[in-house]
Amino acid sequence: MTTKTFIRIALAAPLIIVGCKTQHATESERFTESVASLMPFKTEKLQITAKPDYTELRFVCNGYIDAEPDCEIDDKGAARARRTTFNDPPTRQDEKTIWRNVVVSKKHKRVVCIDRYLQGGHTEGYVYVFQTETDQFPNYSPFHWDVSDSRNMEFMGAMLESLRPLAVRRLGLAAETKAHAPASQDDYWRMVFHADSLYEQHLYPEAKQFYRLAFTSDKYILPSHLSGVSRKMAAIGDEKEATSLLLQRMKMENDFYEASACCTNTALRDSFALREQRWNYDLNLKEQLEQMLESDQHDRILWSQAAAAYPSDKVRTEKLARMAMATDSLNLEAAYDVLQAHGFPGKESVGNIASLAVFLVFQHADLDHQKHFLPQMEEAVAKGRIEPTYLAMLKDRIDVREGRPQKYGTQIAADGKLAPLLDASRLNEWRSEVGLPPITTP
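Note that the coordinates shown come from a computational prediction; the quantities given were computed from them, not determined experimentally.

The rules behind these values
Residues numbered from 1 in each chain as written. Predicted model: local features only at pLDDT ≥ 70, side-chain atom pairs only at ≥ 80, totals over all residues. Heavy atoms only, no water. Helix = DSSP H or I, 4+ residues; strand = E, 2+ residues; numbered from the N terminus. Buried < 20%, exposed > 50% of the residue type's maximum accessible area, 1.4 Å probe, protein only. Core = buried A, V, L, I, M, F, W, Y, C linked by side-chain atoms within 4.5 Å. Contact = heavy atoms within 4.5 Å. Axes fitted to C-alpha atoms, helices over the stretch in contact; angles between N-to-C directions. Parallel < 35°, antiparallel > 145°, perpendicular 65-115°, else oblique. Left-handed = near helix turned anticlockwise from the far one by under 90°. Pairing = 2+ DSSP bridges. Arc of directions from axis to C-beta. Polar contact = N/O pair within 3.5 Å; in protein donor to acceptor, adjacent residues only side chain to side chain. Expected span 1.5 Å × (residues − 1). Bend = angle between axes of the 7 residues up to and from the residue. pLDDT = per-residue confidence, 0-100.

(A) Summary view of unusual backbone geometry. Positive phi, normally seen in glycine, also occurs at histidine 202, with a value near 65°. Note that histidine 202 resides in the loop between helix 4 (185-200) and helix 5 (204-214). Look at histidine 202 and you get partly exposed, because its relative accessible area is 39%.

Okay, structure coming up:
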């Protein structure tokens, strides 16, 4: 099907006149109502998505919508025009087919492209707007002229064709969102990596769905991710989602706050001010340590997941391994700088989570650096600046590397089994002393 054929069908579609506007409606509400009046079917929910570069709306319908499409697009991207003859028998949409309608409004000098997807018996989809009246709602294309004029048919056809790969991509993502909430730390990181990728592709609604799925269970969340994604949502204009993520982190960490003086989130500024008075952390150092911890985990897990998922792809695995080791080297240098400038950053100055960053960097360092760091770790535990659990882990790591049996049973050998123990009969007694839960030994 040529672009000319498709747009000619669209231009031949009946024109729907925009209904009356509510006197006191906001600009966004009036715009949404005008778009809804152009659609050939009703929706239960239609709202503008957070899309800074162009205007799209997302809709959801509780049931199946059988309104005839202008075009069908399959999951491989092939398109077939409907309504080309009067003899085509009506067919039902399936979950592997996109139904597309294109409606032209002479009144608004606007064209809207409506893509719908069938998921679990209900219809959902997106409306892409070509030509808007105000700068508040950016046009899908960079041009501003009468797109409803038939003389612009070739241009409009090209624009609609450019949407086809995005529509097919979203068809695949609609099925992926049926995925379950994370059941392990690996599940969590896979979802975060996937959501990050979607965000980088400017697929913001889908990215938000996967972030939400990843953040379902607090026990797997790296708290700094909530703040990072909150900043991403704010950047695309979704202040409601940005606030929700910060509230989730505040529930996870009763000492979390951002500097109230420069807080742009007006809904949380007062809460942050109260926490700031109580805790008075070094927020610059805290953020530096949290970024260190996040980079340590990010690159290491990306490497391990790639090795497990693509065992035959040695080039990929080696590249990611080098990236993780480079990050370790940078983090080690940064950790030494922190120790020299601040001493061991304890939980009283940066909070519980950030205080783990320096420990974790040395836990992943080589043996010489670990032995050099051990006295500082012992001093930090003696002063109550970090929990003794982490000192036990570092001591076990050093003992195993030097060929001695471990005391606390925190290290796994190369064969996947527990590394040799100093005294299995006293293992859980020693673990209890440092805050570790009991384990069953073979």
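(B) Main features of the nonpolar core. Among the nonpolar cores identified, the biggest contains 79 residues, and Phe130, Tyr188, Phe215, Leu289 and Val358 are the most heavily contacted of them. Excluding anything up to four places from it in sequence, leucine 289 contacts Val338, Pro345, Val350, Ala354, Ala357 and Val358. Grouped together as the second largest cluster of nonpolar side chains are 17 residues, Phe31, Met39, Phe41 and Phe137 included.

(C) Molecular detail of the packing of helix 4 against helix 5. The geometry of helix 4 relative to helix 5 is characterised by a closest axis approach of 8 Å and an angle of 165° between their N-to-C directions. Here helix 4 is positioned roughly antiparallel relative to helix 5, judged by the angle of their axes. Note on packing geometry: the crossing formed by helix 4 with helix 5 is left-handed. Residues Tyr188, Met191, Val192, His194, Ala195, Asp196, Leu198 and Tyr199 of helix 4 touch helix 5, and the partners they reach there are Tyr204, Glu206, Ala207, Phe210, Tyr211, Leu213 and Ala214.

(D) Quick peek at the sheet that holds strand 1 (residues 45-48). Across the sheet, 7 strands lie side by side as 1-2-7-6-5-3-4; this open sheet has antiparallel pairing. The sheet terminates laterally at strand 1 and strand 4 (79-81), the two strands that pair on one side only. Strand-to-strand twist in this sheet, taken as the mean axis angle between neighbours without regard to direction, amounts to 20°. Note that strand 5 (residues 97-105) and strand 6 (residues 110-119) share 7 bridges and pair antiparallel. The residue bridging valine 103 from the neighbouring strand is valine 112, located in strand 6.

(E) Looking closely at the pairing of strand 6. Extensive coverage of strand 6 is indicated by the burial of 10 of its 10 residues. Every second residue of strand 6 is oriented toward a common face, with Arg110, Val112, Ile114, Arg116 and Leu118 on one face and Val111, Cys113, Asp115, Tyr117 and Gln119 on the other, all of them buried. Hairpin geometry of strand 5 and strand 6 is characterised by an intervening segment of 4 residues between the two adjacent antiparallel strands and by a positive phi of about 50° at lysine 109. Both strand 6 and strand 7 (residues 122-130) contribute to a ladder of 9 bridges, which runs antiparallel. Looking across to strand 7, one finds that glutamine 119 is bridged to histidine 122.

(F) The arrangement of the environment of leucine 356 in detail. Here leucine 356 lies in helix 12 (residues 356-363). Note on leucine 356: relative accessible area 19%, which makes it buried. In this structure the C-alpha to C-alpha distance between leucine 356 and glycine 346, which are 10 residues apart in sequence, comes to 8.5 Å. With residues near it in sequence (within four places) discarded, leucine 356 still touches Leu293, Ile386 and Tyr390.

(G) Geometry of helix 2 (residues 27-36). Within helix 2, burial applies to Phe31, Thr32, Ser34 and Val35. Along helix 2, the residues classed as buried sweep out an arc of 160° about the axis, all on the same side.

(H) Local environment of the pairing of strand 5. The buried fraction of strand 5 is high, at 9 of 9 residues. The alternating pattern of strand 5 places Thr97, Trp99, Asn101, Val103 and Ser105 and Ile98, Arg100, Val102 and Val104 on opposite faces, both of which are buried.

(I) Just the side chain of threonine 243, in detail. If you trace the backbone, threonine 243 turns up in helix 7 (residues 239-252). Judged by its relative accessible area of 15%, threonine 243 falls in the buried class. A distance of 2.8 Å separates the side chain of threonine 243 from the side chain of asparagine 265, its partner in a polar contact.

(J) Just helix 13 (residues 367-382), in detail. Between its terminal C-alpha atoms helix 13 stretches 23 Å, which fits the 22 Å expected from 16 residues at 1.5 Å a residue. The largest bend along helix 13 reaches roughly 35° and is located at leucine 374, with the proline proline 375 sitting one to four residues downstream. Considered for burial, the residues of helix 13 that qualify are Gln370, Phe373, Leu374, Met377, Ala380 and Val381. The inward-facing, buried residues of helix 13 abut helix 10 (314-342), helix 12 and helix 14 (388-401). Between a side-chain oxygen at the N-terminus of helix 13 and the backbone nitrogen of aspartate 368 the separation is 3.3 Å; the capping residue is aspartate 366.

(K) How the structure looks around the confidence of the model for the chain. Looking at the chain as a whole, its pLDDT mean stands at 87, while 89% of the residues score no less than 70. A low-confidence stretch, residues 1-22 stays under pLDDT 50, and its non-local contacts, those more than four residues away or across chains, total 52 contacts.

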